[in-house]
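Here are the chains, one letter per residue:
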Amino acid sequence: VKNSISKNTFSSLEFDIKEKKALLLNRRLRLHRLILLSMLAEDDYLKDTLSSFDLSMDSFPNFYNWIDGEYFQKSKMFNNSEYVNKSKNGYLKIKQINKKTIDYDSLHDVIGYGYESGDIYKKTYFSIVTETEFFEESHFLSEKSIKPLMHLHPFVIVGSPYSLKLLKSYGFKTFSNWWDESYDSMENTNDRIIAIYNLILSLLKKTDDEWVIMIKEMREILIHNRKLLLKYNPESINKIISNNFVDVIFNNKQILF
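Owing to the predicted nature of the structure, the values given are computational and were not obtained by experimental measurement. (Residues numbered from 1 in each chain as written. Predicted model: local features only at pLDDT ≥ 70, side-chain atom pairs only at ≥ 80, totals over all residues. Heavy atoms only, no water.)

Secondary structure summary: the protein chain contains 11 helices and 5 strands in total. By residue count, 51% of the 257 residues in the protein chain fall in the buried class. Put simply, of all contacts in the protein chain between residues at least 6 apart along the chain, 80% involve residues at least 24 apart. As presented, the protein chain carries roughly 12,200 Å² of accessible surface, and 47% of it is formed by carbon and sulfur atoms. (Helix = DSSP H or I, 4+ residues; strand = E, 2+ residues; numbered from the N terminus. Buried < 20%, exposed > 50% of the residue type's maximum accessible area, 1.4 Å probe, protein only. Contact = heavy atoms within 4.5 Å. Areas by Shrake-Rupley, 256 points an atom, 1.4 Å probe, with all protein chains shown as cover.)

Let's shift gears to the packing of helix α6 (residues 143-150) against helix α10 (residues 219-229). One way to put it is that α6 packs onto α10 with a least axis distance of 8 Å and a crossing angle of 120 degrees. As far as their axial angle goes, α10 and α6 are oblique. Residues Ile146, Leu149 and Met150 of α6 lie in contact with α10, whose contacting residues are Leu222, Asn225, Arg226 and Leu229. By residue class, the composition of the contact of α6 with α10 is 5 nonpolar, 1 polar and 1 charged. (Axes fitted to C-alpha atoms, helices over the stretch in contact; angles between N-to-C directions. Parallel < 35°, antiparallel > 145°, perpendicular 65-115°, else oblique. Nonpolar A, V, L, I, M, F, W, Y, C, P; charged D, E, K, R; others polar.)

Across the 6 residues of strand β2 (residues 49-54), 6 count as buried, placing the element largely inside the fold. The pairing of strand β1 (residues 22-25) with β2 spans 4 bridges and is classified as parallel. Of the residues in β2, the one forming a bridge with Leu25 is Ser52. Crossover handedness for the path β1 to helix α1 (residues 31-42) to β2: right-handed. Bridge analysis of β2 against strand β3 (residues 99-100) gives 2 bridges, and the strand direction is antiparallel. Its bridge partner being in β3, Phe53 is matched across the sheet by Lys100. (Pairing = 2+ DSSP bridges. Right-handed = clockwise from strand over helix to strand, strands pointing away.)

One can describe the packing of α1 onto helix α8 (residues 189-204) by two numbers: an axis separation of 11 Å at closest approach and a directional angle of 40 degrees. Taken together, α1 and α8 sit at an angle that is classed as oblique. Here α1 and α8 pass one another in a crossing that is right-handed. Counting all contacts with α1, which are made through His32, Ile35, Leu36, Met39 and Leu40, the residues of α8 involved are Ile193, Tyr197, Ile200, Leu201 and Leu204. Here the residues of the contact of α1 with α8 are counted per class, giving 9 nonpolar, 1 polar and no charged. (Left-handed = near helix turned anticlockwise from the far one by under 90°.)

In structure tokens form, the structure reads like this:
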């Protein structure tokens, strides 16, 4: 697959009823992605997302037995019994599905900024961005957080604390006028993942009419974010992302999952 950014690649802002509420793209199934997908499956809200995942790319094949094991119970990284059980039950449903694709059958090929199809953004109201890191002690943004900016999508970031703060430091705007973004400052991973999940549920439960009104209200912010991003070229963005990732590794900030 070649990087194929063009003027026609990216979505235009449309105030219409969408096919699904949220876009949820996943490649390698790191732990926080499995937790989120499993809870959505258990609560029967995965059906309201346009989502992709492939259990052949599961970085955590012992998820069911490990999620409530000694490591998490001692570390308290994710130890709320209600949500742990929800994750375990939902994971069994995810295993039955095994694989969901949207526009690329091979998720191995979809890497970097500019590979995505604009159509999948037009079919949804907002993006659930499952970043590369969540439980790690580092602050890292990848191309996953860049894509919704270009596609005029509001977003919730399932990632490290202060991800939104980092984006705002570059001049981008987020969506605290429409929903609670306090999750971004929660350093406790158990509290953060639960807060994010409940926020996502509240957004998935909104009606189409409510979403259309919100998108209209967000218009100036969404256009601002795209215009700001267009000041950078794709090669520069990919280079910044790559350098950031290398910096995380060489500073011994362990990428656990």
